[in-house]
Amino acid sequence: MPTRLAVCVSGRGSNLVALLDALTGSPEAQVVLVLSNRADAPALLRARERGIDAEHLRNPADGGEWLGYLRGAEVDLVVLAGYLRLVPPVVVAAYRGRIINIHPALLPAFGGPGMYGHRVHEAVLKSGATESGATVHLVDEVYDRGQILAQARVPVRPDDTPDSLAARVLEAEHRLLPAVVLRAAKAGRPVPVPEFA
Ligand code: GRF
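Residues numbered from 1 in each chain as written. Predicted model: local features only at pLDDT ≥ 70, side-chain atom pairs only at ≥ 80, totals over all residues. Heavy atoms only, no water.

Caption draft 1: Examining the site of the ligand more closely. With respect to spatial proximity, the complete set of residues near the ligand consists of Arg12, Gly13, Ser14, Asn15, Gly82, Ile102, Pro104 and Glu173. In the environment of the ligand, an oxygen atom lies 2.5 Å from a nitrogen or oxygen atom belonging to the side chain of Arg12. Gly13 is positioned with one of its backbone polar atoms (N or O) 2.8 Å from an oxygen atom of the ligand. The fraction of the free accessible surface of the ligand (360 Å²) that becomes covered by protein chains is 87%. Looking at the shell around the ligand residue by residue, the classes come out as two nonpolar, four polar and two charged. (Near = heavy atom within 4 Å. Polar contact = N/O pair within 3.5 Å; in protein donor to acceptor, adjacent residues only side chain to side chain. Areas by Shrake-Rupley, 256 points an atom, 1.4 Å probe, with all protein chains shown as cover. Nonpolar A, V, L, I, M, F, W, Y, C, P; charged D, E, K, R; others polar.)

So this is what it looks like as structure tokens:
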């Protein structure tokens, strides 16, 4: 039986699409549900175009609403792919160790509340770091704090802007997330992926 995935999104959904492309025809895992806190998230359309159940969370702070969808779809693993709100604690507790998030920097640096989107890349550039990347980690009750499973590194170039760095990191995200999800599916739970760690 393939691992049944829910993917949670807030915006455009390029990581969702990368994951769907990587899983096409895979016996290991399939995306059965997409959830968004935004009814107008382009990612919901991307999912529906492919015939995947894609739902708007009317109250993203309501754990009961989440659990209704996740249990209804018999979800094994939850993937936050550009989901910008906190997952309700009751959902973290019910799926502990089975929720992963992708973050566009090398955690534990440049994470935490308010560190999303361009703010992350602006902070990296301001710090003078010569390297950035993407991190996949387990989700717990605190933003960006859970166990790191894998990281993909990219150089920061002297002439980078937040946009150019974001594009380089995003390309790394699109390789990293499917690799971690497929490894999790094989192992039956999210596990570290050492070649990316
Ligand atoms: C990604 O950079 C992800 O790491 C961050 O938000 C962005 C989402 O992009 N948390 P997309 O919606 O997957 O295109």
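Caption draft 2: The arrangement of the sheet that holds strand E1 (residues 3–9) in detail. With mixed pairing, the seven strands of this open sheet are ordered in space as E3-E2-E1-E4-E5-E6-E7. The open sheet is flanked by strand E3 (53–56) and strand E7 (148–155), the only strands paired with a single partner. Pairs of neighbouring strands in the sheet enclose a mean axial angle of 20°, with direction left out of account. As paired elements, E1 and strand E2 (residues 29–36) share seven bridges and run parallel to each other. Paired with Arg4 across the two strands is Gln30, which belongs to E2. Helix H2 (residues 42–49) rests against E1, E2 and E3 of the sheet, and its axis sits at about 155° to E3. Seen against the sheet, helix H6 (residues 162–187) touches E1, E2, strand E4 (77–80), strand E5 (99–103), strand E6 (131–138) and E7 and runs at an angle of roughly 150° to E7. (Pairing = 2+ DSSP bridges. Helix = DSSP H or I, 4+ residues; strand = E, 2+ residues; numbered from the N terminus. Axes fitted to C-alpha atoms, helices over the stretch in contact; angles between N-to-C directions. Contact = heavy atoms within 4.5 Å.)

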